[in-house]
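Overview (structure and organization)
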Amino acid sequence: MRFALVVVLAMLTLMARAAPVTLEWDHLIPEDWNPEKEVNELAERINRTEDEDPEAMSIMDDIQALWNSAPLQQSLDDKDIRLTGFGVPLEGDADHVREFLLVPYFGACIHAPPPPRNQIILVRTSGKGVPLDAIMGALQVTGTLKVTPEETEYGQAGYSMKASDVKIISEPLY
(Lines give C-alpha, C1' and ligand atoms only; values in the text may rest on other atoms or scores of the structure.)
Protein backbone atom coordinates (compact mmCIF):
# COMPACT_ATOMS: atom_id res chain seq x y z
CA MET A 1 0.00 0.00 0.00
CA ARG A 2 2.78 2.42 0.93
CA PHE A 3 4.61 1.69 -2.35
CA ALA A 4 1.46 2.44 -4.37
CA LEU A 5 1.05 5.76 -2.56
CA VAL A 6 4.66 6.72 -3.30
CA VAL A 7 4.20 5.81 -6.98
CA VAL A 8 0.99 7.86 -7.23
CA LEU A 9 2.63 10.87 -5.55
CA ALA A 10 5.64 10.62 -7.88
CA MET A 11 3.36 10.47 -10.92
CA LEU A 12 1.36 13.49 -9.72
CA THR A 13 4.59 15.43 -9.21
CA LEU A 14 5.76 14.58 -12.74
CA MET A 15 2.37 15.50 -14.20
CA ALA A 16 2.39 18.84 -12.39
CA ARG A 17 5.88 19.54 -13.71
CA ALA A 18 4.87 18.57 -17.25
CA ALA A 19 2.03 21.08 -17.50
CA PRO A 20 3.46 24.42 -18.70
CA VAL A 21 1.94 27.65 -17.44
CA THR A 22 0.60 29.94 -20.17
CA LEU A 23 2.00 33.42 -19.63
CA GLU A 24 1.31 36.87 -21.03
CA TRP A 25 4.21 39.24 -21.69
CA ASP A 26 3.32 41.34 -18.63
CA HIS A 27 4.14 38.35 -16.42
CA LEU A 28 7.82 38.75 -17.35
CA ILE A 29 7.91 42.23 -15.81
CA PRO A 30 8.23 42.55 -12.01
CA GLU A 31 5.16 44.34 -10.64
CA ASP A 32 7.21 47.06 -8.95
CA TRP A 33 9.04 48.13 -12.14
CA ASN A 34 7.57 51.27 -13.65
CA PRO A 35 9.98 53.20 -15.86
CA GLU A 36 7.31 55.77 -16.81
CA LYS A 37 9.08 58.73 -15.17
CA GLU A 38 12.43 57.97 -16.86
CA VAL A 39 10.76 57.30 -20.23
CA ASN A 40 8.81 60.57 -20.05
CA GLU A 41 12.00 62.51 -19.25
CA LEU A 42 13.80 60.86 -22.18
CA ALA A 43 10.83 61.56 -24.48
CA GLU A 44 10.88 65.24 -23.51
CA ARG A 45 14.60 65.41 -24.28
CA ILE A 46 14.27 63.65 -27.62
CA ASN A 47 11.36 65.87 -28.69
CA ARG A 48 13.72 68.84 -28.48
CA THR A 49 16.24 67.33 -30.92
CA GLU A 50 16.58 66.68 -34.64
CA ASP A 51 17.42 63.23 -36.02
CA GLU A 52 21.01 64.17 -36.89
CA ASP A 53 21.61 65.94 -33.58
CA PRO A 54 24.36 64.20 -31.54
CA GLU A 55 22.14 64.70 -28.49
CA ALA A 56 19.55 62.38 -30.11
CA MET A 57 22.12 59.58 -30.24
CA SER A 58 23.01 60.21 -26.61
CA ILE A 59 19.33 59.95 -25.66
CA MET A 60 19.01 56.67 -27.59
CA ASP A 61 22.00 55.37 -25.61
CA ASP A 62 20.24 56.40 -22.38
CA ILE A 63 17.08 54.57 -23.45
CA GLN A 64 19.11 51.47 -24.26
CA ALA A 65 20.83 51.64 -20.86
CA LEU A 66 17.43 51.84 -19.15
CA TRP A 67 16.14 48.84 -21.13
CA ASN A 68 19.33 46.83 -20.45
CA SER A 69 18.88 47.34 -16.72
CA ALA A 70 15.18 46.38 -16.68
CA PRO A 71 14.58 43.98 -13.78
CA LEU A 72 13.72 40.35 -14.45
CA GLN A 73 11.04 38.17 -12.89
CA GLN A 74 13.24 35.85 -10.81
CA SER A 75 10.29 33.70 -9.72
CA LEU A 76 9.98 32.37 -13.28
CA ASP A 77 13.45 30.79 -13.30
CA ASP A 78 13.32 27.13 -14.35
CA LYS A 79 9.54 27.21 -14.93
CA ASP A 80 7.86 25.39 -17.78
CA ILE A 81 5.92 28.03 -19.67
CA ARG A 82 4.03 28.70 -22.89
CA LEU A 83 4.11 32.15 -24.48
CA THR A 84 2.99 33.59 -27.81
CA GLY A 85 5.11 36.17 -29.59
CA PHE A 86 7.08 36.89 -32.75
CA GLY A 87 10.44 35.52 -33.83
CA VAL A 88 13.59 37.38 -34.79
CA PRO A 89 15.95 34.85 -36.42
CA LEU A 90 19.50 34.47 -35.13
CA GLU A 91 20.99 31.11 -36.14
CA GLY A 92 20.05 28.32 -38.50
CA ASP A 93 20.47 27.35 -42.12
CA ALA A 94 18.83 28.25 -45.43
CA ASP A 95 15.58 26.48 -44.48
CA HIS A 96 15.25 26.48 -40.68
CA VAL A 97 15.99 28.69 -37.67
CA ARG A 98 17.25 26.94 -34.54
CA GLU A 99 17.92 30.03 -32.41
CA PHE A 100 15.76 33.14 -32.32
CA LEU A 101 14.51 35.93 -30.13
CA LEU A 102 10.90 35.76 -29.02
CA VAL A 103 9.47 39.27 -28.67
CA PRO A 104 6.00 40.64 -27.86
CA TYR A 105 5.29 42.45 -31.13
CA PHE A 106 6.18 42.19 -34.80
CA GLY A 107 9.28 44.14 -35.79
CA ALA A 108 10.78 44.39 -32.30
CA CYS A 109 14.59 44.32 -32.33
CA ILE A 110 14.68 45.35 -35.98
CA HIS A 111 14.43 49.05 -35.09
CA ALA A 112 16.30 50.85 -32.33
CA PRO A 113 15.95 50.63 -29.50
CA PRO A 114 14.80 47.03 -28.99
CA PRO A 115 12.32 46.29 -26.18
CA PRO A 116 13.48 46.12 -22.55
CA ARG A 117 15.40 42.95 -21.73
CA ASN A 118 12.46 41.67 -19.67
CA GLN A 119 10.52 41.51 -22.95
CA ILE A 120 13.06 39.45 -24.95
CA ILE A 121 13.59 35.69 -24.71
CA LEU A 122 16.47 33.92 -26.45
CA VAL A 123 14.94 30.64 -27.69
CA ARG A 124 16.98 27.61 -28.65
CA THR A 125 15.29 24.72 -30.44
CA SER A 126 16.44 21.19 -31.11
CA GLY A 127 16.12 19.21 -34.31
CA LYS A 128 15.41 21.06 -37.52
CA GLY A 129 14.04 24.16 -35.81
CA VAL A 130 11.36 26.50 -37.15
CA PRO A 131 10.87 26.91 -40.92
CA LEU A 132 12.59 30.11 -42.02
CA ASP A 133 9.51 31.32 -43.92
CA ALA A 134 7.40 31.08 -40.72
CA ILE A 135 9.78 32.51 -38.09
CA MET A 136 8.49 36.09 -38.27
CA GLY A 137 4.85 35.13 -37.84
CA ALA A 138 3.14 34.61 -34.50
CA LEU A 139 4.64 31.65 -32.64
CA GLN A 140 3.56 29.82 -29.52
CA VAL A 141 6.68 28.58 -27.75
CA THR A 142 6.70 26.05 -24.92
CA GLY A 143 9.75 25.22 -22.84
CA THR A 144 11.72 25.82 -19.69
CA LEU A 145 12.41 29.49 -18.99
CA LYS A 146 15.72 30.55 -17.46
CA VAL A 147 16.42 33.97 -15.98
CA THR A 148 19.78 34.35 -17.72
CA PRO A 149 20.53 37.64 -19.48
CA GLU A 150 22.35 37.12 -22.78
CA GLU A 151 23.63 39.69 -25.26
CA THR A 152 22.60 39.16 -28.89
CA GLU A 153 23.18 41.12 -32.06
CA TYR A 154 19.69 42.62 -31.77
CA GLY A 155 19.64 43.45 -28.08
CA GLN A 156 19.93 42.01 -24.62
CA ALA A 157 17.62 39.09 -23.83
CA GLY A 158 16.71 38.88 -20.16
CA TYR A 159 15.54 35.30 -20.45
CA SER A 160 16.47 32.18 -22.35
CA MET A 161 14.44 29.09 -23.14
CA LYS A 162 15.09 25.61 -24.40
CA ALA A 163 11.98 25.08 -26.53
CA SER A 164 10.23 21.75 -26.28
CA ASP A 165 7.58 22.83 -28.79
CA VAL A 166 7.07 25.68 -31.26
CA LYS A 167 3.68 26.09 -32.92
CA ILE A 168 3.15 28.42 -35.85
CA ILE A 169 0.09 30.52 -34.99
CA SER A 170 0.00 32.85 -38.01
CA GLU A 171 1.80 33.51 -41.26
CA PRO A 172 4.56 36.16 -41.28
CA LEU A 173 3.26 39.71 -41.19
CA TYR A 174 5.64 41.13 -43.82
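So, here is what we can say about the structure in this document. (Residues numbered from 1 in each chain as written. Predicted model: local features only at pLDDT ≥ 70, side-chain atom pairs only at ≥ 80, totals over all residues. Heavy atoms only, no water.)

**Looking at the pairing of strand E4 (residues 121-124)**
- Judged from the four bridges that link them, strand E3 (residues 96-103) and E4 form a sheet pairing that is antiparallel. Counterpart to Leu101 in the pairing with E4 is Leu122.
- With four bridges joining them, E4 and strand E9 (residues 159-168) adopt parallel strand pairing. Across the sheet, the residue bridging to Ile121 is Tyr159, located in E9. (Pairing = 2+ DSSP bridges. Helix = DSSP H or I, 4+ residues; strand = E, 2+ residues; numbered from the N terminus.)

**Quick notes on the packing of aromatic side chains**
- Summed over all chains, the structure comprises two aromatic pairs.
- Summarising the aromatic geometry, the rings of Trp33 and Trp67 are spaced 6.1 Å apart at their centres and angled 65° between planes, so their arrangement reads as edge-to-face. Taken together, the residues Trp33 in the loop between strand E1 (21-22) and helix H2 (36-47) and Trp67 in helix H3 (residues 54-68) connect sequence positions 34 residues apart. One exposure class covers both Trp33 and Trp67, and it is buried.
- Summarising the aromatic geometry, the rings of Phe86 and Phe106 are spaced 6.2 Å apart at their centres and angled 75° between planes, so their arrangement reads as edge-to-face. One end of the pair, Phe86, is in strand E2 (residues 79-92); the other, Phe106, is in the loop between E3 and E4, with 20 residues separating them in the sequence.
- According to the relative accessible area criterion, Phe106 is partly exposed, its value standing at 32%. (Phe/Tyr/Trp six-rings, centres within 6.5 Å; stacked < 30°, edge-to-face > 60°. Buried < 20%, exposed > 50% of the residue type's maximum accessible area, 1.4 Å probe, protein only.)

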